[in-house]
Amino acid sequence: MPDDRRDRGFTLIELLIVVAIIGIIAAIAIPSLLRARISANESAAIGDIRTVISAQAAYHSTNGGWYEGNLTCLVAPYSGCIPNYPTNSPTFLDSQLVVLLPKSGYSRSFASGTTPAGINTATQSPTSTTSYVYWATPTTPGQSGVRGFAGDSSGALCFSSDGNTAATTGTVLLLFGDPTCNILQ
């Protein structure tokens, strides 16, 4: 006589146990994945700010000791920027960072300082500046990132622990004594 149990499939209890196990695994894994995504977004923002700081430092040495107030001048071709600078030279900065569009869950912004007196426009960019700040703030605080970041012409990079814009006074970071701007080591 054939066994009818094999033709019946899974019981309701067996299916409920499998669904419960999958639910427990999801409850454990999803928060970890979200934390990993936030960490990756923050790392990308920090890396981009460091890239801007490095690009401005390289440009500073090429532009007679001044930073650039117009980020598009850091991308080839350099028309209208440093006079007589070869247009086929390597770029200082990636064009993705110049457009200031949200990237990796962070919004970007840039501010330049004052135009220095005595610029020699025959050898230096007419949009030269004495200082700058580049910010990255989470597009959705708590979900795309937890901290806000900023880097300036001093080479310092700081963060705000609440996701707001890292504190600045104009185009210089508030490095010491401000609880909203912690220096990133």
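For the structure itself, look to the data block above.
This text gives an overview of the structure that appears in the document. Because the structure is predicted, anything quoted here is derived from the model rather than measured.

### With respect to the side chain of T129
Relative to the elements of secondary structure, T129 occurs in strand β3 (residues 128-129). The class for T129 is buried, based on a relative accessible area of 1%. Of note is the side chain of T129, whose polar atom sits 2.9 Å from the backbone nitrogen of G113. For T129, the side chain forms a polar contact with the main-chain oxygen of S131, separated by 3.1 Å. Sequence-distant contacts of T129, defined by excluding residues within four places in its chain, comprise W66, Y67, E68, G69, S112, G113, T114 and P116.

### As for the state of the cysteines
One pass over the full model with this rule turns up 1 disulfide. The residue that forms a disulfide with C73 is C81, at a sulfur-sulfur distance of 1.9 Å. Between C73 and C81 the disulfide shows an S-S torsion of about -80°. By sign, it is left-handed. For the pair formed by C73 and C81, the shared burial category is buried.

### Comments concerning the side chain of S128
Locating S128 in the fold gives a position in strand β3. On the basis of relative accessible area, S128 is assigned to the buried category, the value being 1%. Each residue touching S128, except ones within four places of it in the same chain, is listed here: N63, W66, Y67, E68, T114, T115, P116 and I119.

### A short note on the pairing of strand β4 (residues 132-138)
Along a regular strand, successive side chains alternate from one face of the sheet to the other. In terms of burial, β4 is largely enclosed, as 7 of its 7 residues are buried. Every second residue of β4 is oriented toward a common face, with Y132, Y134, A136 and P138 on one face and V133, W135 and T137 on the other, all of them buried. In the sheet, strand β2 (residues 106-112) pairs with β4 via 7 bridges, with the strands oriented antiparallel. Bridging from a neighbouring strand, S109 pairs with W135 of β4. In terms of strand pairing, β4 meets strand β5 (residues 148-152) through 4 bridges, oriented antiparallel.

Cut-offs and rules
Residues numbered from 1 in each chain as written. Predicted model: local features only at pLDDT ≥ 70, side-chain atom pairs only at ≥ 80, totals over all residues. Heavy atoms only, no water. Helix = DSSP H or I, 4+ residues; strand = E, 2+ residues; numbered from the N terminus. Buried < 20%, exposed > 50% of the residue type's maximum accessible area, 1.4 Å probe, protein only. Polar contact = N/O pair within 3.5 Å; in protein donor to acceptor, adjacent residues only side chain to side chain. Contact = heavy atoms within 4.5 Å. Disulfide = S-S within 2.5 Å. Pairing = 2+ DSSP bridges.

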